[in-house]
Structures are given as C-alpha cells and as structure tokens.
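Commentary on secondary and tertiary structure
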Amino acid sequence: MFVQLKTGYDTDAGPSWIANVRFSKSWSTIYFHDRTLRRVTGTAYANYDSNFYDVDSGERYWVSGPKRDKTDARYGSEKPIVEDDARAPYEAFLNGESLPGRKRG
C-alpha cells in the first residue's frame, strides 16, 4: 500500500512509504509501523486530504493502493520509501502482476 503522513506538511509533502499493512476484518482499521490507523468517517474527521487517522496521536494519513506509473502522491513529486519487505511484490506489481490479495491490479 501507499501510505503518506499528511499532518504537519503541505499538500503531498509528507513522508510516504510503499509498505505491507495489515487490515482489520472490516477494512476500517490498518496496522502500520506499530500504529493503529482508523478510516476517516463522518463529519468529525472529514477531510479531503486524508482517509485514515492514527488513533493515538491523531495524525492524518492518506492510504491507497500503489499506482503502476509511480504517481502515488496526488500532487507532489516526492518518491515514497519502498520498504524491504514490500519491495519484491511492489516490483512485480510494477511489471504487470496483481497485488497480493487482489485478482486484478
């Protein structure tokens, strides 16, 4: 997954990663870097620039599937850190294979 920290940074200027994450059964919670990220829902957390928040710190994140053209950040040009454990599946994805757990793309 593509994960980008939004809190404290200009649009798409925060650090980002291509990383393996673990989803809850309902897909409403992500476990990433020893953090628990919950999906943004309702008006209390509504924000067009983030779709998850850290339950402990309140920091906001954008989480999405990676893109084959490597334009993962919507407006910025910074490249994400590709974590070692995600490198092989990510490179296979860039070469046309499906992402792990997905039948298409």
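These remarks concern the structure in this document. (Residues numbered from 1 in each chain as written. Predicted model: local features only at pLDDT ≥ 70, side-chain atom pairs only at ≥ 80, totals over all residues. Heavy atoms only, no water.)

**Points about the overall build of the chain**
- Along its length, the chain carries 1 helix and 8 strands.
- Starting at the N terminus and walking to the C terminus, you meet the elements of the chain as β-β-β-β-β-β-β-β-α.
- Counting the 105 residues in the chain, one finds 37% classified as buried.
- Taking contacts inside the chain between residues at least 6 apart in sequence as the whole, the part at least 24 apart equals 44%.
- Carbon and sulfur atoms make up 47% of the accessible area of the chain, which amounts to about 6,600 Å² in all. (Helix = DSSP H or I, 4+ residues; strand = E, 2+ residues; numbered from the N terminus. Buried < 20%, exposed > 50% of the residue type's maximum accessible area, 1.4 Å probe, protein only. Contact = heavy atoms within 4.5 Å. Areas by Shrake-Rupley, 256 points an atom, 1.4 Å probe, with all protein chains shown as cover.)

**Some points on unusual backbone geometry**
- A positive phi angle, near 50 degrees, is found at His33, a position not held by glycine.
- By the secondary structure assignment, His33 is in the loop between β4 (29-32) and β5 (35-39).
- The class for His33 is partly exposed, based on a relative accessible area of 40%.
- Phi is positive for Asp34, close to 60 degrees, though the residue is something other than glycine.

**Brief notes about the pattern of salt bridges**
- Scanning the model with the defined rule gives 5 salt bridges in all.
- Residues Lys6 and Asp49 are paired through a salt bridge, measuring 3.4 Å at the closest nitrogen-oxygen approach. Here Asp49 lies in the loop between β5 and β6 (52-54) and Lys6 lies in the loop between β1 (2-5) and β2 (16-18), a separation of 43 residues in the sequence. Just as Lys6 is buried, Asp49 falls in that class too.
- One salt bridge connects Asp54 with Arg35, and the closest N-O pair in it is separated by 2.7 Å. Taken together, the residues Asp54 in strand β6 and Arg35 in strand β5 connect sequence positions 19 residues apart.
- Given the relative accessible area of 3%, Asp54 is considered buried. (Salt bridge = Lys/Arg side-chain N within 4 Å of Asp/Glu carboxyl O.)

**Considerations on the environment of Ser24**
- Relative to the helices and strands, Ser24 resides in the loop between β3 (22-23) and β4.
- Judged by relative accessible area, Ser24 falls into the buried class, the value being 16%.
- A sequence separation of 14 residues divides Ser24 from Arg38, and the C-alpha atoms of the two residues are 9.7 Å apart.
- The residues touching Ser24, leaving out its near neighbours within four places in the chain, are Thr29 and Tyr31.

**Topic: the nonpolar core**
- If you look at the biggest cluster of nonpolar residues, it comprises 11 residues: Val3, Leu5, Trp17, Ala19, Val21, Ile30, Phe32, Leu37, Phe52, Tyr61 and Val63.
- Looking at this core, the elements that each hand over two or more residues are β1, β4 and β7 (60-64).
- Setting aside anything within four residues of it in sequence, one finds Val63 in contact with Met1, Phe2, Val3, Ile30, Leu37, Asn51 and Phe52.
- Core analysis: the second largest hydrophobic core is formed by 8 residues, Ile18, Trp62, Ala73 and Phe93 among them. (Core = buried A, V, L, I, M, F, W, Y, C linked by side-chain atoms within 4.5 Å.)

In short, geometric facts, not functional conclusions.
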